[in-house]
Amino acid sequence: MNVDRHDGALSGIASAIAEPARVRMLYCLLDGRARTSTELAAVAGVGPSTASVHLQRLAKRQLVTATSQGKHRYYTIDNPSVAAALEALSVLAGGDRETFVPTTPRALCAARRCYDHIAGTLGVTLHDRLRSLRWLVESGDGYDLTAAGASALEKLGVDLPHARGQRRRFAFPCLDWSERRPHLAGALGSALLQLALKRRWILQELDSRALAVTRAGRRELSVRFGVAVESPDG
């Protein structure tokens, strides 16, 4: 190992972290959710232009990752080693961090349409469950179904040949703007939304993108996917 090169990289990372505004940004991102530079500027107590400079330096040292979506650019900590190092430093320094509290209205935060797929807490939970069941796996810059996943979804009534035949991406992660974690987008995400609407697991609210999960939907989502949905009565 080239000791000089290693020392130089280490000192560069330490220097990038060792600034109060950047520290606040990094610890804000430790909850696994993405934030815009504007939000991180507010957290750090600096102006937008200064925040951009700080984020460029953090990105250069691969401490944060930037993802563009629509008009916004979101920043996350994608490397578990970065998170582990920051957690270790937190133990040495002591103190607690505030948790992220979304300001999205409750109904939209719980479940809503994002174009033609399910978003909000329900969408993110369903995405995570499909991954944990190993029905959905990474493939290139998106996802594909395993044999078990394809079999399970076809038994539910999802028309996979139709979804695959569309002139669009089959499945990919879409960053959720209330949860700040991915939900499932693409032709597969659309097919799951249409299935849930057809089976009346969820209902589209009038004049809103909010989705209401029915009693039958809560039962079926629990049985079919292992997804627990809280009753609107709490």
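Predicted model only: the values in this text are computed from it and were never measured. (Residues numbered from 1 in each chain as written. Predicted model: local features only at pLDDT ≥ 70, side-chain atom pairs only at ≥ 80, totals over all residues. Heavy atoms only, no water.)

A. Summary view of the overall build of the protein chain. Helix and strand counts for the protein chain come out as 11 helices and 11 strands. Counting across all 234 residues of the protein chain, residues that qualify as buried make up 41%. When the accessible surface of the protein chain is totalled, it reaches about 13,400 Å², and 53% of it is carbon and sulfur. Seen as two clouds, the 32 positive and the 23 negative side-chain charges of the protein chain have centres 4 Å apart. (Helix = DSSP H or I, 4+ residues; strand = E, 2+ residues; numbered from the N terminus. Buried < 20%, exposed > 50% of the residue type's maximum accessible area, 1.4 Å probe, protein only. Areas by Shrake-Rupley, 256 points an atom, 1.4 Å probe, with all protein chains shown as cover. Lys, Arg positive; Asp, Glu negative; His and termini not counted. Charge placed at Lys NZ, Arg CZ, Asp CG, Glu CD.)

B. View of the sheet that holds strand 2 (residues 65–69). Within the open sheet, the 3 strands sit side by side as 1-3-2. Their pairing is antiparallel. This sheet does not close on itself; its edge strands, each paired only once, are strand 1 (35–36) and strand 2. For strand 1 and strand 3 (residues 72–76), the ladder comprises 2 bridges, and the chain directions are antiparallel. Opposite Arg35, over in strand 3, you have Tyr75 as the bridge partner. (Pairing = 2+ DSSP bridges.)

C. Spatial organisation of the pattern of salt bridges. One pass over the full model with this rule turns up 11 salt bridges. Asp128 is the partner of Arg181 in a salt bridge, and the nearest nitrogen-oxygen pair spans 2.7 Å. On the criterion of sequence distance, the pair formed by Arg181 in the loop between strand 8 (172–175) and strand 9 (182–185) and Asp128 in helix 7 (residues 120–132) is long-range, its members being 53 residues apart. Residues participating in the shared-partner salt-bridge network are Arg219, Glu220 and Arg224. (Salt bridge = Lys/Arg side-chain N within 4 Å of Asp/Glu carboxyl O.)

D. Fine view of the packing of aromatic side chains. Applying the stated criterion across every chain yields a total of 2 aromatic pairs. Taking the centre distance of 6.4 Å and the plane angle of 80° together, the rings of Trp201 and Phe225 count as edge-to-face. Of the two residues, Trp201 sits in the loop between helix 10 (186–198) and strand 10 (202–204) while Phe225 sits in helix 11 (residues 215–225), which places them 24 residues apart along the sequence. Assessed through its relative accessible area of 5%, Trp201 is described here as buried. Given a relative accessible area of 3%, Phe225 falls into the buried group. Members of the aromatic cluster, each reached through a chain of ring pairs, are Trp135, Trp201 and Phe225. The ring centre of Trp177 lies 4.1 Å from the NZ or CZ of Arg112, which sits over that ring. Stacked on the ring of Phe172, the Lys or Arg Arg169 has its end atom at 4.0 Å from the ring centre. (Phe/Tyr/Trp six-rings, centres within 6.5 Å; stacked < 30°, edge-to-face > 60°. Lys NZ or Arg CZ within 6 Å of the ring centre and 35° of its normal.)

E. Up close: the environment of Gly8. Here Gly8 lies in helix 1 (residues 3–17). For Gly8, a relative accessible area of 36% corresponds to the partly exposed category. With 62 residues separating them along the chain, Gly8 and Gly70 place their C-alpha atoms 37 Å apart.

F. Layout of the packing of helix 2 (residues 20–28) against helix 3 (residues 37–44). With their axes 8 Å apart at the nearest point, helix 2 and helix 3 run at an angle of 120° to one another. By the criterion of interaxial angle, the relationship of helix 2 to helix 3 is oblique. Judged by the sense of rotation from one axis to the other, the crossing of helix 2 with helix 3 is right-handed. Contacts from Ala21, Arg24, Met25 and Cys28 of helix 2 reach helix 3 at Leu40, Val43 and Ala44. Its residues assigned to classes, the contact of helix 2 with helix 3 shows 6 nonpolar, no polar and 1 charged. (Axes fitted to C-alpha atoms, helices over the stretch in contact; angles between N-to-C directions. Parallel < 35°, antiparallel > 145°, perpendicular 65-115°, else oblique. Left-handed = near helix turned anticlockwise from the far one by under 90°. Contact = heavy atoms within 4.5 Å. Nonpolar A, V, L, I, M, F, W, Y, C, P; charged D, E, K, R; others polar.)

Remember, this is a structural readout, not a statement about activity or role.
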